[in-house]
Amino acid sequence: CTGESGLKDAASMARLAAEKCGITPECALPMSTGVIGRPLPVERIASHLPLINLSTEGGTAFARAIMTTDTRPKEVAVKVTCSSGEYIIAGAAKGAGMIAPNMATTLCFITTDANIELEALKYCLKRAGEKSFNMITVDGDTSTNDTLLIMANGMAKNRLIAKGSKEMNLFQKALDQVCIFLARSVVSDGEGATRLITVNVSGAYTKNQAKLAAKAITGSNLVKTAIHGADPNWGRIISAAGSSGA
């Protein structure tokens, strides 16, 4: 929402970051959250980029650096050991408000040293995102800015994980675990939040029907106020489920 100048600013930041990292600008991926329609302070960013120290130990510092209205950093890592070798999937996220129904004001960065096919990686990330970041809500509002990103460098030198293989299914489970942990961390740190609600649906005809019911319940202000006030008014839950369309 900042027009041509916004696109130029994004390209400028990508170029400066690429110079710092010794890569091509096409490999630098700019992303941001903030006040919609307000230009980024590109001059301030440009003047401070040279001060960034690249380090293999910088994960926790990175998780803190991306915080805005978050009250705590959100990071996680899992190690996978299987017949094809050993690798790690790690991630960090930010987000606290204007979250729902499809990520919204959330940035999530996931890295892995797994040796995995690009198509398998895309497939796994889409599925992991659907069952994690696309299933959470803080306030029911959305935003123009969100990103869920995964990068793999193959440095674990495990046997190549191909799409449709057993190894891919194991990678999927590990990636799901990372994404769900980070998504729950985002919700539990929601702006002004005092409760974390998890809705479990059973008996639905299809997954999509279950999603309809779950999202209606988690998005209901009447349910939220009942939970916040510790008032066990189950009628509000079945009313939300009943009006969901499921």
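Structure report, in brief. (Residues numbered from 1 in each chain as written. Predicted model: local features only at pLDDT ≥ 70, side-chain atom pairs only at ≥ 80, totals over all residues. Heavy atoms only, no water.)

Structural notes on the pattern of salt bridges
A side chain of one charge can pair with a side chain of the opposite charge if their charged atoms are brought near each other.
Here's step 1: Applying the stated criterion across every chain, the model contains nine salt bridges.
Here's step 2: Glu-119 is the partner of Lys-122 in a salt bridge, and the nearest nitrogen-oxygen pair spans 3.9 Å. With Lys-122 and Glu-119 both in helix H4 (residues 118–130) and three residues apart, the pair spans about one turn of that helix.
Here's step 3: Overall, Glu-119 belongs to the partly exposed group, its relative accessible area being 43%.
Here's step 4: Between Lys-131 and Asp-176 there is a salt bridge, with its nearest N and O atoms 3.0 Å apart. One end of the pair, Lys-131, is in the loop between H4 and strand E4 (147–152); the other, Asp-176, is in helix H5 (residues 166–188), with 45 residues separating them in the sequence. (Salt bridge = Lys/Arg side-chain N within 4 Å of Asp/Glu carboxyl O. Helix = DSSP H or I, 4+ residues; strand = E, 2+ residues; numbered from the N terminus. Buried < 20%, exposed > 50% of the residue type's maximum accessible area, 1.4 Å probe, protein only.)

Structural notes on unusual backbone geometry
Here's step 1: Phi at Met-103 takes a positive value of approximately 65°, unusual for a residue other than glycine.
Here's step 2: For Met-103, the position within the fold is in the loop between strand E2 (85–94) and strand E3 (107–112).
Here's step 3: One non-glycine residue, Ala-104, adopts positive backbone phi at about 65°.
Here's step 4: If you trace the backbone, Ala-104 turns up in the loop between E2 and E3.

Here we look at the side chain of Ser-185
Here's step 1: Relative to the assigned elements, Ser-185 resides in helix H5.
Here's step 2: At 2.8 Å, the side chain of Ser-185 forms a polar contact with the backbone oxygen of Phe-181. (Polar contact = N/O pair within 3.5 Å; in protein donor to acceptor, adjacent residues only side chain to side chain.)

Remarks on the nonpolar core
Here's step 1: If you look at the biggest cluster of nonpolar residues, it comprises 32 residues, and the most contacted ones within it are Ile-89, Ile-110, Phe-133, Phe-171 and Leu-175.
Here's step 2: Mapped onto this core, the elements with two or more residues apiece are strand E1 (74–82), E2, E3, H4 and H5.
Here's step 3: Considering every element that reaches this core, the biggest residue donor is H5, with ten residues.
Here's step 4: Excluding residues within four positions of it along the chain, Ile-89 makes contact with Val-76, Ala-77, Val-78, Ile-110, Thr-111, Thr-112, Phe-171, Ala-174, Leu-175 and Val-178. (Core = buried A, V, L, I, M, F, W, Y, C linked by side-chain atoms within 4.5 Å. Contact = heavy atoms within 4.5 Å.)

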